[in-house]
Amino acid sequence: MSELIDALRAFEGRVIGPPTRALDAVNEPMIRHWCDAIDDRNPIYLDNDAAKANGHRGIVAPPTMLQAWSMRGLGGRTGATAQDDLLRLLDSHGFTSVVATNCDQEYMRYLEPGDRVTTTVTIEAVSDEKKTGLGVGHFVTTLQEYRDDAGEVVGTMRFRILKFAPQPKVEPRPQRPRPSITRDNAFWFEAAKQHQLLIQRCARCRQLRHPPGPMCPHCHSLEWDTVDASGRGAIYSFVVNHHPQVPAFDYPLVVAVIELEEGTRLVSNVIGIEAHDVEIGMPVVAEFVAFDDELTLPQFRPGLN
Amino acid sequence: MTLAFKDVNVGDELPPLEIALTRTLIVATAIASRDYQDVHHDSQLAQERGSKDIFMNILSTNGFVGRFVTDWAGPAAVLQKVQIRLGAPNYPGDTMRMTGTVTRAADGEVDVTVRGANDLGDHVTGTVTLVLP
């Protein structure tokens, strides 16, 4: 990597191409076109008298147009430059993306119609490798100097870009399918969010039941309450799902019927063990897993408590 | 109407400015700055290059920052420096809301910190240095 740094450092201070004279002198039509587009109504850009009243010899160009005078237009640019070499070097090391980060302009005087600027571009600095929000990369700062025909610097622009290695896109993991929550079973899922494993109990005959339902299958009472399960149980039966795979789950996926020590059974997953080591009768304990902000479910891990 | 230096105090806020970022505005400002890069006028090519849509070029951002400050300061103000940091792109359909505060006023020079925010975040933040009579 230090080889790259050395190679990058060699670009510092290098002038990019010969000084380039603007295609056109500063002129009123381009100023008006700019002021229309930006909707800038400052009269010193549009009205000779107003410009004079404010200390200018006549109409002046908006200072922020500085770079516009040096643009090469639709015809584009010519020739390879040191900057092309620098960017290619960074490309070849994986820093293939570019974003402009800073633009600092300084105006020594306002330009007037008839001024024709000549631009010199220097690679001022190439940073060490930096970690940024976009990825790892190098900042490249160029200095543009704009001179009039008398050779006086009328403005400067420091322009900084970040050449960076784009981070591989991380696809957000699809969410687990939502359970079908009804008025009859909502209490069970709400309790799971609080890391509570509930078992529904008939308020009349005291029989436990799962999955939740409105009526006791033994005595047909509609009255019920709940008890807290200990979370201890054993694997009653299981399958290992290899295919088809749904992206929300990890495979191989152990889908098991767990018999709780209270006697009811529920369908869940067995985690924390290789699928081929799972056995019927194996003791397991509940562990609550928050899959996302909305869904927390008990999963079962081999163990006695 | 131009502000006089004596009337400006640190902490003064500039009248906010909202720029409706129409497609026409983004194309017109790019061409007015003689910038024909396709990402500023051709949405199909912009998308092929990984952008959501065409977006405003930096020269225009400079132009709006300058206009925002001189709209407030008046025609006798002389801009000396425009230093900006670039952030979220200005895409068509969004709005750039510009706000500014005077952070320094000394020896006839005034610094204004400027922020132009769109729905994605800060498009531009920076400092403009100007001289007032």
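What counts as what
- Residues numbered from 1 in each chain as written.
- Chains lettered and ligands numbered in written order.
- Predicted model: local features only at pLDDT ≥ 70, side-chain atom pairs only at ≥ 80, totals over all residues.
- Pairing = 2+ DSSP bridges.
- Helix = DSSP H or I, 4+ residues; strand = E, 2+ residues; numbered from the N terminus.
- pLDDT = per-residue confidence, 0-100.
- Contact = placed C-beta atoms within 7 Å.
- Nonpolar A, V, L, I, M, F, W, Y, C, P; charged D, E, K, R; others polar.

Now for the pairing of strand 14 (residues 296–302) of chain A. Residues and elements named next belong to chain A. Across seven bridges, strand 13 (residues 283–290) lies against strand 14 in antiparallel orientation. Paired with Val289 across the bridge in strand 14 is Leu297. Turn length for the strand 13-strand 14 hairpin, with the two strands adjacent in sequence and antiparallel, is five residues.

For chain A, per-residue confidence averages 92 on the pLDDT scale, and residues scoring 70 or more make up 97% of the total. Mean pLDDT per element in chain A: helix 4 (residues 82–92) of chain A is the minimum at 83, and helix 2 (residues 28–38) of chain A is the maximum at 98.

Outside of glycine, negative phi angles account for most residues, and trans bonds account for most peptide bonds. Here His243 of chain A and Pro244 of chain A are connected by a cis peptide whose omega angle stands at 0 degrees. Positionally, Pro244 of chain A belongs in the loop between strand 10 (232–241) and strand 11 (253–260). The backbone phi angle of Asp39 of chain A is positive, close to 60 degrees, even though this residue is not glycine. Of note, the phi angle at Arg34 of chain B is positive, near 65 degrees, even though the residue is not glycine. Inspection of the secondary structure puts Arg34 of chain B in the loop between helix 1 (23–32) and helix 2 (43–48).

If you look at the interface, chain B gives 27 residues, while chain A gives 27 residues. Of all the secondary-structure elements, those providing two or more residues to the side of chain B that touches chain A are helix 1, helix 3 (58–73) and strand 2 (78–86) of chain B. By residue class, the composition of the side of chain B that touches chain A is 13 nonpolar, nine polar and five charged. Two elements, strand 2 (residues 97–107) of chain A and strand 2 of chain B, share five bridges in a ladder whose sense is antiparallel. By the bridge assignment for strand 2 of chain B, Asp104 of chain A is matched with Gln83 of chain B.

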